[in-house]
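# A look at the structure
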Amino acid sequence: MFQLFRKDVLKCLRVDERFVKESDHADLTCTIAFKIAKEEKRNPLDIARELAERLEPVGYIGKIEVVNGYINFFASEEFLEDTINTIIDTDENYGNLRFEGKILIEHTSANPDGPLHIGHMRNSIIGDSLARIFRKAGFDVTTHYYVNDMGRQIAIAVLGYRLFGLDNAKKPDHAVVDVYIKANEEIEKNPELEKEVEKLMLDYENFEGDAVRDFKFVVERALEGIKQTLRSLNVNHDEYVWESEFLRNGYVDRVLSILEGRGLIERDGAWFVKLEKPVILRRENGTTLYITRDLAYHLWKGERFERFINILGSDHKLYGRQLSEILDLINLRKPEIVFFEFVSLPEGSMSTRRGKFVSADDLISKVYEEARRIVEDRDLSEDEKDRIAKSVAVGAIRFDFVKVAPEKPMIFDWSKALDFERQTSSYIQYSHARCCSILRKAVKSGMPELEFRPEICTDIERRLVILLSKFPCVIERVIDELKPSYIAEYLLSVSNVFNEFYRGHRVLGEDSEVRMHRLAIVDAVRIVLRNGLDLLGIEALERM
RNA sequence: GGACCCGUAGCCUAGCUUGGACAGGGCGUGGGCCUCCUAAGCCCAAGGUCGCGGGUUCAAAUCCCGCCGGGUCCGCCA
């Protein structure tokens, strides 16, 4: 909706859209007068006045004002009315955009050598939120978990499994990491074992007997646990794609022969492509490397999708550049990569290998317990308490990760993770529940009619409606910049303004005209909060 | 050594792409608000050299240069 108003302002002004901005002082403001003032060495205020005099308020423009050289635009009453009506009419479809195209989003893709830890969660949450937002925008989205079943660390986990067996009493991914950690210790004590690891890798790459069976078993056990964790976080993958598949289906050979065909492969025993640094694609012993299979994967992606987005930790920046450069050399489509900085512990960075990490499962269950404790003395059934605590916990976790811009490093702190005073996601859920509660009571009293009346809007109501009109723009910005944190920030501001409205405005106690008007606003807020929370994979609770 | 990212009140964070109207929030601190739609809420107050130093500009948290602090990467690992 807001875009329509913006278009009208641009049509009216006919200036470059860079000079039209959002502002605290107006719905939109134009700073062109400053630019002209500079060129003509005149007072910006005079210029703004002259310009404004010639402007015709068209379409949704209600009022134009000049202050301090800014030309301020205010949306019309008609705009406010159309906004509310559109939101209520389109309901769960409000915010849908008309983008098209097949997109692949690959995220999480943690090595299946143990459970997800809080660093992986950042990946999953960014990726899953982006997938939801891209779907909302109209794209045909598929999500992949790229299963790294061929790595050295998987070989070590397999070695651990052979030496110690898996503890069946434990969640399978935790059982895998136990033997993975022990195997690493074992190797450190006895470097001879190194040879066994190498042999395992070689056997697996050549699809030889026991190795295939054991790799498959260990990887599947780990994935079983990982999937369970992801499910509890409302994170979904459409497909799990195993890296070794690209060896079997010929894509590795294909990508190598394309490179060979372009004369890009050099040899000195190993095969490599010479970028700034040589990138090895094939070892002397004939086996492939991670990047080789990933190139094959991207060849495969390019044949099926118009765009692909990968979510990667920033330690993969150089890797990502190398991958992209090689794809470029053979004219294949490159991935768009979202890098996120590390989540570390107060005592330093995490390490699965050394068992130094906070598992996602641990975090989820502790946050759940805390939420459950808070909800305990409410007048609700046990089932309801459980459900509320669960979605408040998931919301708290997801929101905490998604609200921070990906390029910011995070230091995990238990006391903060468990402090519900600072949980902004439950604040948004609460605001939504408040809306629901009002609407529920309106229905109960048999007068749930909604009719927005722009002419009786108070300042806060007006601010709220303008804010609601921006929801689709926020989604579009995320599509442009791949930053789901914008949604988090937006929902927070909607909740802020709504709560301010709630404090000063009674709804149910008012006469029918005001009551219907405010019920319409409350319903619209409810819809935007619910649709927005959905984009972040957080349940919009109707009561809490 | 080279490359990339981050540095905003006691703590966390938005804004930086495209320079402009008092740098927004949150936690914590001090004070106030439930005979009224959920107090997981609201209001008020204190708290800032926007890492430091230069430069560009009428105007810099935002652009440029240099430095400092923290993180990451630079494997025939993934």
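Residue numbers run consecutively from 1 along every chain, following the written order of its sequence. Labels follow written order: the first chain is A, the first ligand is 1, and so on. The predicted origin of the model limits local features to residues at a pLDDT of at least 70 and limits the giving and counting of side-chain atom pairs to 80 or more, whereas totals for whole chains, interfaces and linings rest on all residues. Note that the side-chain values use all heavy atoms of the structure and ignore hydrogens as well as water.

## With respect to the pattern of salt bridges
For clarity, the cut-off: Salt bridge, as used here, is a side-chain nitrogen of Lys or Arg placed within 4 Å of a carboxyl oxygen of Asp or Glu. Only protein chains enter the area calculation, which uses a 1.4 Å probe; residues under 20% of their type maximum are buried, those over 50% are exposed, and those in between are partly exposed. Helix and strand definitions here come from DSSP, where helices need a minimum of 4 consecutive H or I residues and strands a minimum of 2 consecutive E residues; each element is numbered from the N-terminal end.
Tallying each qualifying case throughout the model produces 48 salt bridges. Here Lys-170 and Asp-178 are joined by a salt bridge, their closest N and O atoms 2.7 Å apart. Take Asp-178: its relative accessible area is 27%, and that puts it in the partly exposed class. Between Glu-336 and Arg-307 there is a salt bridge, with the nearest N and O atoms lying 2.7 Å from each other. Of this pair, Glu-336 sits in strand β12 (residues 336–340) while Arg-307 sits in strand β11 (residues 307–313), placing them 29 residues apart in sequence. The partly exposed category is assigned to Glu-336, whose relative accessible area is 25%. Judged by relative accessible area, which is 23%, Arg-307 ranks as partly exposed. Salt bridges sharing partners connect three or more residues here, namely Arg-372, Glu-376, Glu-382, Lys-385 and Asp-386.

## Observations regarding the domain arrangement of chain A
The extent of an interface is frequently quoted as the accessible surface area lost upon association of the parts. How we decide: For the domain bounds, the source is a domain assignment made automatically or taken from a database. Any pair of residues with heavy atoms lying within 4.5 Å of one another is described as a contacting pair. Throughout, the accessible surface (probe 1.4 Å) given up by two parts as they are put together, summed over both, is called the buried area. For the purposes of these results, a polar contact is taken to be a pair of N or O atoms within 3.5 Å, where, inside protein, one atom must be able to donate a hydrogen and its partner to accept one; residues adjacent in sequence count only when each atom of the pair is a side-chain atom.
In terms of domain boundaries, chain A breaks down into domain 1 (2–75), domain 2 (107–344) and domain 3 (391–396 + 413–535). Computed over C-alpha atoms only, the centres of domain 1 and domain 3 are separated by 30 Å. Counting residues at the interface gives 6 residues for domain 1, matched by 6 residues for domain 3. Contact between domain 1 and domain 3 buries roughly 560 Å² in total, counting both sides, with carbon and sulfur atoms accounting for 52%. On the domain 1 side of the contact with domain 3, Phe-2, Gln-3 and Asp-27 bury the most area, a combined 74% of that side's loss. Taken together, domain 1 and domain 3 are joined by 2 salt bridges. For Asp-27, the salt bridge is made with Arg-462, and the minimal N-O distance between the two is 2.7 Å. Summed over the shared surface of domain 1 and domain 3, the number is 4 residue pairs in polar contact (both at pLDDT 80 or more).

## Remarks on the packing of helix α20 (residues 485–504) against helix α21 (residues 512–535)
Put simply, the rule reads: To get an axis, fit a line to the C-alpha atoms, keeping to the stretch in contact for a helix; angles then go from 0 to 180 degrees between the N-to-C directions. Between 65 and 115 degrees an angle is taken as roughly perpendicular, under 35 as roughly parallel, over 145 as roughly antiparallel, and anywhere else as oblique. Crossing handedness follows the turn of the near helix against the far one: under a right angle anticlockwise gives a left-handed crossing, and clockwise gives a right-handed one.
Two numbers describe how α20 lies on α21: the axes approach to 10 Å, and their chain directions differ by 155 degrees. As far as their axial angle goes, α21 and α20 are roughly antiparallel. The two elements α20 and α21 cross, and the hand of that crossing is left-handed. On α21, the residues that touch Ile-487, Tyr-490, Leu-491, Val-494, Ser-495, Phe-498 and Phe-501 of α20 are Arg-518, Ile-521, Val-522, Val-525, Val-528, Leu-529, Gly-532, Leu-533 and Leu-535.

## Some details on the sheet that holds strand β1 (residues 20–21)
Going by this rule: What makes two strands pair is DSSP finding at least two bridges between them.
Ordered in space as β1-β2-β4-β3, the 4 strands form an open sheet in which the pairing is antiparallel. Single-partner strands in this sheet number two, and they are β1 and β3 (61–67). The sheet contact formed by β1 and strand β2 (residues 28–30) spans 2 bridges and is antiparallel. Bridge pairing in β2 links Val-20 to Cys-30. Sitting on the sheet, helix α3 (residues 44–53) touches β3 and β4 (70–75), and the angle it makes with β3 is about 155 degrees.

## Regarding the environment of Arg-518
Looking at where Arg-518 falls in the secondary structure, it is placed in helix α21. Expressed as a C-alpha distance, the spacing of Arg-518 and Phe-501, which sit 17 residues apart in the sequence, is 9.9 Å. Residue contacts for Arg-518: discarding those within four places in its chain leaves Thr-458, Glu-461, Phe-501, His-505, Arg-506, Val-507 and Glu-510. Within the structure, Arg-518 has its side chain in polar contact with the backbone oxygen of Arg-506 (distance 2.8 Å).

## Looking at unusual backbone geometry
Its identity as a non-glycine residue notwithstanding, Ser-109 has a phi of 45 degrees, on the positive side. Mapped onto the elements, Ser-109 comes out in the loop between β5 (102–106) and α5 (118–136). Positioned with a positive phi, Asn-331 is a non-glycine residue whose angle comes to about 55 degrees. Examined against the element boundaries, Asn-331 turns out to sit in the loop between α13 (317–329) and β12. Here Asn-331 falls in the exposed class, since its relative accessible area comes to 62%.

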